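Each chain, written out:
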Amino acid sequence: MKKLFLRNIYSILGTAGGLITIFLSFVLLKDSEILMPAEYKYLQEVVNELARSNDLGQRPISFTIVSGSFTAWSASELGLCRQDNCAHYRELNPFINYLGENSQDINEAIRQSYLFNGIEGYSWPNGTITISRSTFRSYGENKSFFGCFIGHELTHFLNNDVFNQSLRSGKEGSELNEEERNLLSMRISRELETKADIGGAKMVINAGLPKKTCLDELTFSHQIEGNGYETREDSSHPGYNDRYSALKDFIDTYSADENNSLSSNKGYW
């Protein structure tokens, strides 16, 4: 009787130990890099490569992959939100399957965004960089082009571009009417976009990639978007020809060996 009792105890303890092991494994692996989606691993590799030869500053930088603006457009078309209040759908996690009311429409909108959205990213002033999942599909295995894209967004953050745009708009546009002030803000935005192109190219060249890489990426990304428009007064970004010319002028005179005094970051992912 005693042996049977001990055997039952050992059996219970063994089962409990197994459950605890499974639970701890789940807790430890839940946020592990091992289980990261392939896009995050791709992103990690590119960011680490840029950080080896560029100073990315001391402030924390967060990356998040989102469903993209096509999801918000679809949500508006489906009546899931008002047209001016759909930003939430743009930021949805594209790696999970949503449940509940309207879930079928939401999941299908995310799937279509992955197919039809293009290259899309945004640098928030708090250090969060959002990237639409379709961006990874657009670049495919071309990590050097993706490096230009990430370098561009990192430059926006490192240069405090969102803050500086609003600061300059307020200072230089204090005496302007609303329409004039908006055009001023767009002109400043175009200047900052050109500087971000140059900053991204610097990072890629410093990392040892061919100087022409980001010029080729610029053409590729505009072709992906079908955007060959000229620079317009109310555009937030320069047109393709002006953007290409400004970047080429910089690349023709830049030498990583002569100008790169940046130190590598000793950060962690």
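None of these values were measured; they are calculated from a predicted model.

**Points about helix α11 (residues 240–253)**
In this model α11 runs 21 Å from its N-terminal to its C-terminal C-alpha over 14 residues, within 8% of the 20 Å that 1.5 Å per residue would give. Looking at α11, one finds that the buried residues are Arg 243, Leu 247, Phe 250 and Ile 251. Considered in projection along α11, the buried side chains sweep an arc of 95 degrees and stay on one side of the axis. Counted as exposed and oriented over 90 degrees from the buried face of α11: Asn 241, Asp 249, Asp 252 and Thr 253. Taken together, the buried residues of α11 touch α7 (143–158), α9 (178–206) and α10 (213–225).

**Remarks on the packing of aromatic side chains**
Under the definition given, this model contains 14 aromatic pairs. Through a chain of ring-to-ring contacts, the aromatic side chains of Tyr 42, Phe 136, Tyr 139, Phe 145, Phe 146, Phe 149 and Phe 220 assemble into a single cluster. Across the ring face of Tyr 114, the terminal group of Arg 133 is positioned such that the distance to the ring centre comes to 4.8 Å. The ring centre of Tyr 114 lies 5.9 Å from the NZ or CZ of Arg 137, which sits over that ring.

**Regarding the environment of Gln 44**
Following the sequence through the fold, Gln 44 ends up in helix α2 (residues 38–51). Given the relative accessible area of 13%, Gln 44 is considered buried. Sequence separation between Gln 44 and Trp 269 is 225 residues, and the spatial gap between their C-alpha atoms is 7.3 Å. Other than its neighbours up to four places away in sequence, Gln 44 contacts Glu 33, Met 36 and Trp 269.

Cut-offs used in this document
What you see as residue numbers is a count from 1 along each chain, following the sequence as written. Only residues with pLDDT of at least 70 get local features here, since the model is predicted, and only at 80 or more are side-chain atom pairs given and counted; chain-wide, interface and lining totals rely on the full set of residues. As a convention, hydrogens and water are excluded, and side-chain values are obtained from all of the structure's heavy atoms. To qualify as a helix, a DSSP run of H or I must reach at least 4 residues; to qualify as a strand, a run of E must reach at least 2; elements of each kind are numbered from the N terminus. Expected helix span is computed as 1.5 Å times (number of residues minus one). When a residue's accessible area, from a 1.4 Å probe over protein chains only, is under 20% of the maximum for its type it is buried; when over 50% it is exposed; and in between it is partly exposed. Each C-beta atom gives one direction from the helix axis, and the arc is the one those directions make. In what follows, a contact means two residues having at least one pair of non-hydrogen atoms within 4.5 Å. Two rings belonging to Phe, Tyr or Trp (six-membered ring only in the last case) form a pair when the distance between their centres is within 6.5 Å. Interplanar angles under 30 degrees mark stacking, angles over 60 mark edge-to-face geometry, and anything in between is tilted. Any Lys NZ or Arg CZ found within 6 Å of a ring centre and within 35 degrees of that ring's normal is scored as a charge over the ring.

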